[in-house]
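Notes for the structure review
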Amino acid sequence: MIQNDLFLRTLRGESTERPPVWFMRQAGRYLPEYMLLKEKYSFFKRVQNPDLAREITVMPIDQLGMDAAILFSDILVIAQSLGVKVDMVPNRGPVLQTATTEKEVASLNVENTEEFFRYVTPAIQAVKEGLYNRVPLIGFAGSPWTLLCYMVQGQGSKDFGEAKRFILNEPQRAKVMLEKITEATIRYLHIQIDSGCDALQIFDSWGGMLSPTMFDEFSLPYMERITKAVKDRVPVILFAKGAWYALDKLNAAGASALGLSWTTSPDYARELCGPETVFQGNLDPTVLLASPDVVAKATKEMIESFGGGNHIVNLGHGILPTTSVDSAKAFVDTAKSYYY
Ligand code: 1CP
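These lines cover the structure that appears in this document, whether it is placed above or below. Quick caveat, the model's predicted, so the values are computed rather than measured. All residue numbers here refer to positions counted from 1 along the written sequence of the relevant chain. Where totals are concerned, whole chains, interfaces and linings use all residues; where local detail is concerned, this predicted model gives features only for residues with pLDDT of at least 70, and gives and counts side-chain atom pairs only at 80 or more. Hydrogens are left out, water is left out, and the side-chain values use all remaining heavy atoms of the structure.

**Thoughts on the overall build of the protein chain**
- Put simply, DSSP marks the helices as runs of H or I at least four residues long and the strands as runs of E at least two long, and each gets a number from the N terminus on. A tally of helices and strands in the protein chain yields 17 helices and nine strands.
- Whereas a compact globule of 340 residues would reach a radius of gyration of roughly 20 Å, the protein chain reaches 19 Å, a difference of no more than 12%.
- Each principal axis of the C-alpha distribution contributes one length, and for the protein chain these read about 55 × 45 × 35 Å.
- By the burial criterion, 57% of the 340 residues in the protein chain qualify as buried.
- Taking all contacts inside the protein chain whose residues are at least 6 apart in sequence as the whole, residues at least 24 apart take part in 74%.
- What sets the accessible areas is the Shrake-Rupley method with a 1.4 Å probe; for residues, cover comes only from the shown protein chains. Surface exposure of the protein chain reaches about 13,800 Å², of which carbon and sulfur atoms provide 50%.
- All tallies of charge rest on Lys and Arg as positive and Asp and Glu as negative; His and the ends of each chain are not included. To locate a charge, take atom NZ for lysine, CZ for arginine, CG for aspartate or CD for glutamate. Placing the 34 positive and 39 negative side-chain charges of the protein chain at their respective mean positions leaves the two points 3 Å apart. C-alpha atoms define the radius of gyration, and 2.2 Å times the number of residues to the power 0.38 defines the globule rule. Whether a residue is buried, partly exposed or exposed follows from its accessible area with a 1.4 Å probe, protein chains only, as a fraction of its type maximum: under 20%, in between, or over 50%, in that order. Note on contacts: a residue pair qualifies if any of its non-hydrogen atoms lie within 4.5 Å across the two residues.

Okay, here's the thing in structure tokens:
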């Protein structure tokens, strides 16, 4: 059905002619046409309106030609579905009403998940029409720990000190919260699959902020439950940024591929997980601030460092807003012209 299924074949562990390429945060930020839509419509309008979701999701595919599209949305929609107010404040980022007291955590409502996500099916169907089977569509969610970070901290943070204080002082309450986020996420991902997503990625953006033992307690088990709940329907990519110490455990959790940040070497990852594991990554996103020639050279070296297979070309985290379209294109074109 899908014309370019290179990404899905790689996720199945098949040997391919070249590595597929897409990158985190490819829909938005660095694209001038996105910035125009951003001026006109609020963030959640762009997420929920099928025409806007289609336009923004398909825009990078039309302009740069990646091998997979990722649905335009945000990880924080799960907080919204649980009843938490989220504001996307221009030039500042998300601001959330926090949930930390026993009463606030008890009031998080999983039963509202399907009702809240009514907009998802029309949005994904519109995106699929816009893609007309050119490339697969990736759905996504944040990991429960990363969601808890925002729901407790109330905004982005360099150290998520409040979120860590919360899990240290109130581990039981934190686990009630993580359970609820997990349940809502599983329901949401099933809706994404039912609506047409071909693969899923779980973003544990702040997993690497935890020590290995805290990661085992507060992040891994929940990501594992989510993965097990959906992996027989579509392939799942687990990306725990900076949690290099947990790669073998994430691999054992049932992922089809593991995302790597740029501080993890492919050799180390292979040593921990073996030759069969598919890795995704891992160029430092700041490299894309350099000129297209420099980007092309660094991308080629990165691809070579993965040793010629079981690899999806991506960045080690989201593309930076100040990246030029030409440098982003050099990244994509280098992967697309690299034959094993
Ligand atoms: O209006 C805007 O352009 C605001 C910026 C923006 C965008 C473009 C936000 C606010 N979210 C998004 C879209 C988004 N977020 C996507 C779209 C699909 C894509 O192209 O990849 C995805 C996958 C996300 C996921 C996301 N949101 C993550 C995980 C990935 C990562 O980068 O670590 C996280 C941590 C968020 C939270 C969030 N949402 C927005 C911002 C600015 C942030 C970061 C807040 C912070 O910690 O400072």
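**Describing helix H17 (residues 325–336)**
- When the terminal C-alpha atoms of H17 are compared, their 16 Å separation across 12 residues agrees well with the 16 Å that a helix rising 1.5 Å per residue should span.
- Among the residues of H17, Ser327, Ala328, Ala330, Phe331, Val332, Thr334 and Ala335 are the ones counted as buried.
- The secondary structure elements touched by the buried residues of H17 are helix H4 (50–64), strand E8 (278–283), helix H16 (292–305) and strand E9 (311–315). Given a helix with a known number of residues, its expected span is that number minus one, times 1.5 Å.

**Details of the site of the ligand**
- To be near a molecule or strand, a residue needs just one of its heavy atoms within 4 Å of it. In the neighbourhood of the ligand, 23 residues make up the surrounding shell, with Tyr34, Asp74, Tyr150, Ser205 and His317 lying closest.
- In protein, a polar contact requires one atom able to donate a hydrogen and another able to accept it; more generally it is a pair of N or O atoms within 3.5 Å, and residues adjacent in sequence count only if both atoms are side-chain atoms. Contacts to the ligand include Ala27, whose backbone N or O atom sits 2.7 Å from an oxygen atom.
- With the chains in place, 87% of the 890 Å² that the ligand exposes on its own is no longer accessible.
- The pocket occupied by the ligand, as judged from atoms lying within 2 Å of grid points, is the largest pocket.
- Every element with two or more residues in the shell around the ligand is listed here: helix H2 (32–40) and helix H3 (43–48). Computed over the protein atoms alone on a 1 Å grid, cavities are sets of points where a 1.4 Å probe fits but cannot get out and pockets are open sets with protein on both sides within 12 Å along at least five of seven lines; a residue lines them when it has an atom within 4 Å of a point. A pocket or cavity is taken to hold a molecule when more than half of that molecule's atoms are within 2 Å of the pocket's grid points.

**Quick notes on the pairing of strand E3 (residues 93–96)**
- Note that strand E2 (residues 86–89) and E3 share four bridges and pair antiparallel. By the bridge assignment for E3, Val89 is matched with Gly93.
- Hairpin connection from E2 to E3: three residues lie between these consecutive antiparallel strands, with Asn91 at a positive phi of about 65°. Criterion used throughout: strands pair if DSSP finds at least two bridges between them.

**Regarding the sheet that holds strand E4 (residues 137–142)**
- Read from one edge to the other, the open sheet built from seven strands follows the order E1-E4-E5-E6-E7-E8-E9, with strand pairing classed as parallel. Both edges of this open sheet fall to strand E1 (69–70) and E9, since each of them pairs with a single strand only.
- For helices, the fitted line uses only the C-alpha atoms of the stretch in contact; every axis is such a line through C-alpha atoms, and the angle between N-to-C directions lies from 0 to 180 degrees. The sheet contacts of helix H13 (residues 220–230) involve strand E5 (199–204) and strand E6 (236–240), and relative to E6 the element is tilted by about 170°.

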